[in-house]
Each structure stands twice: as structure tokens, then as C-alpha cells.
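One-letter residues, chain by chain:
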Amino acid sequence: MNNVEQTLSIIKPDAVERDLIEEIKSIFLKNNFSVKEFKKIHLNKEEAAEFYKVHQSKPFYDSLCSYLASGPIAVMILEGENVVSKYRELMGSTNPKDAKENTLRKMFGISIDKNSVHGSDSIENAKKEINFFFKN
Ligand code: IDP
Ligand code: MG
């Protein structure tokens, strides 16, 4: 297989709260993404701020970090051919209102902040984000 990549997926608090982990995981498997690592954790605010520090200059940074730390999340390493861009496509637009049919954010997202899933936006950031959650 060519271009086998890994990316980081987070099922955010709004989706964990609605018991959507298994449903979203089954969609990953249908899309031929394999789940290499999986853990459910609850970040504190400082950890969330560290994870999202690329957004520190944005007006919504503080609420974004509070939100990610507001409840348990499910974190996964997904692996597959071109998985970084394929998973971004499967997630859909940041704002669920703009997301296309059959994307995760269209199906499950509530609002731009409670948009159910996170995915790395490049191979380089995928490496950093995987390391953030799964370094040992
Ligand atoms: P992405 O998750 O589609 O990569 P980013 O621009 O990286 O989108 O933003 C990170 C997260 O910050 C988004 O998933 C969303 O939850 C939140 N966010 C982005 N833009 C806004 C906004 O304008 N208001 C509130 N939250 C936002
Ligand atoms: Mg992003």
C-alpha cells in the first residue's frame, strides 16, 4: 500500500456525552481507517491549552480550551492510505452548518464549537498531535 499515514482523531466531549464513540469508530472502519491506538481521557484546562496552543491568538481560544476539558474525550491514532486528508474530508467543514451530507460533522455536529470531532490538518501536525497523546 502506498502513502500509509497516521493521523490523530479526537471524539470531543459533546459526542462522547451522546454515546457516539462506537458509531463513529464503526464509520472509521467502513472507511478503511484502522484504529491503532485508542484511549478515553479527561484533559485538564492546562493540557487542553497546550494541545490547542496553535490557536492561542484566536478570540475563541479560552472557550475552546474550556470546552475540550469539559468532559471525557476519546483519542485515537488512525492509520490508512492518505488518511490525513481522507479523514479531514470525512469530518467535513469546521462549522457543521457548512458540512456536506454524510460527513461526521453534518451527521453529529451541534455547532461550530461542539462539532464532535477533531482531526490533524497535515502529516507534520499529525506527528505532533500523536506524540502529545501517545508519547512513551
Ligand atoms: P478544524 O477543527 O476544522 O481543524 P480549526 O480552525 O483548527 O478547525 O479550529 C479548531 C476548533 O476550534 C474547531 O474544531 C472548532 O471547534 C473551534 N472553532 C473554530 N473556529 C471557531 C469560531 O469561530 N468560534 C468558535 N469556535 C471555533
Ligand atoms: Mg484544526
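Refer to the preceding data block for the structure.
Residues numbered from 1 in each chain as written. Chains lettered and ligands numbered in written order. Predicted model: local features only at pLDDT ≥ 70, side-chain atom pairs only at ≥ 80, totals over all residues. Heavy atoms only, no water.

J.: Is there a simple way to explain the overall build of the chain in this structure?
T.: Looking only at helices and strands, the chain has 7 helices and 4 strands in total. Reading the chain from its N terminus to its C terminus gives the helix and strand order β-α-α-β-α-α-β-α-α-β-α. Over its C-alpha atoms the chain spans a radius of gyration of 14 Å, differing by no more than 12% from the 14 Å that the globule rule assigns to 136 residues. Projected onto its principal axes, the C-alpha coordinates of the chain cover approximately 40 × 35 × 25 Å. For the chain, the proportion of its 136 residues judged to be buried stands at 43%. Counting contacts in the chain only where the partners sit at least 6 residues apart, residues at least 24 apart contribute 75% of the total. Accessible area for the chain stands at about 7,700 Å²; split by element, carbon and sulfur atoms hold 47% of it. Seen as two clouds, the 20 positive and the 20 negative side-chain charges of the chain have centres 1 Å apart. (Helix = DSSP H or I, 4+ residues; strand = E, 2+ residues; numbered from the N terminus. Rg over C-alpha atoms; globule rule 2.2 N^0.38 Å. Buried < 20%, exposed > 50% of the residue type's maximum accessible area, 1.4 Å probe, protein only. Contact = heavy atoms within 4.5 Å. Areas by Shrake-Rupley, 256 points an atom, 1.4 Å probe, with all protein chains shown as cover. Lys, Arg positive; Asp, Glu negative; His and termini not counted. Charge placed at Lys NZ, Arg CZ, Asp CG, Glu CD.)

J.: I keep staring at the sheet that holds strand E2 (residues 34–41) and nothing clicks. Help me out?
T.: Neighbouring strands of a sheet are bound in pairs by backbone hydrogen bonds; such pairs are parallel or else antiparallel. Ordered by their spatial adjacency, 4 strands build an open sheet running E2-E3-E1-E4, and the pairing between neighbours is antiparallel. Two strands lie at the open edges of the sheet, namely E2 and strand E4 (117–119), each paired on one side alone. Taken pair by pair, the neighbouring strands of this sheet meet at an average axis angle of 20°, ignoring direction. Where E2 meets strand E3 (residues 73–81), 7 bridges bridge the pair, whose relative direction is antiparallel. Its bridge partner lying in E3, Ile41 is registered against Ile73. Across the sheet, helix H7 (residues 123–134) lies against strand E1 (4–11), E2, E3 and E4, angled at about 55° from E1, the strand it touches most. (Pairing = 2+ DSSP bridges. Axes fitted to C-alpha atoms, helices over the stretch in contact; angles between N-to-C directions.)

J.: Teacher, can you tell me more about the packing of aromatic side chains here?
T.: Two aromatic rings are characterised by how far apart their centres lie and by the angle between their planes. Counting across every chain of the model gives 7 aromatic pairs. Geometrically, the ring pair formed by Phe51 and Phe133 is tilted, given 5.3 Å between the ring centres and 50° between the ring planes. Of this pair, Phe51 sits in helix H3 (residues 45–51) while Phe133 sits in helix H7, placing them 82 residues apart in sequence. Here Phe51 falls in the buried class, since its relative accessible area comes to 9%. You can call Phe133 buried: its relative accessible area is 5%. Of the aromatic side chains, those joined through ring pairs into one cluster are Phe51, Tyr52, Phe132 and Phe133. The residue whose ring lies beneath Lys25 is Phe38, and the NZ or CZ to ring-centre distance is 4.2 Å. (Phe/Tyr/Trp six-rings, centres within 6.5 Å; stacked < 30°, edge-to-face > 60°. Lys NZ or Arg CZ within 6 Å of the ring centre and 35° of its normal.)

J.: Hey, could you run me through the pattern of salt bridges in this one?
T.: Where charged atoms from two side chains of opposite charge come close, those side chains can pair. Under the counting rule described, the total for this entry stands at 6 salt bridges. Residue Glu79 is joined to Lys36 by a salt bridge in which the shortest nitrogen-to-oxygen separation is 3.9 Å. Taken together, the residues span a long stretch of sequence, with Glu79 in strand E3 and Lys36 in strand E2 at a distance of 43 residues. Ionic pairing is found between Glu101 and Lys106, a salt bridge with its closest N-O pair at 3.7 Å. Residue classification places Glu101 among the exposed positions, given a relative accessible area of 58%. Note on Lys106: relative accessible area 36%, which makes it partly exposed. (Salt bridge = Lys/Arg side-chain N within 4 Å of Asp/Glu carboxyl O.)

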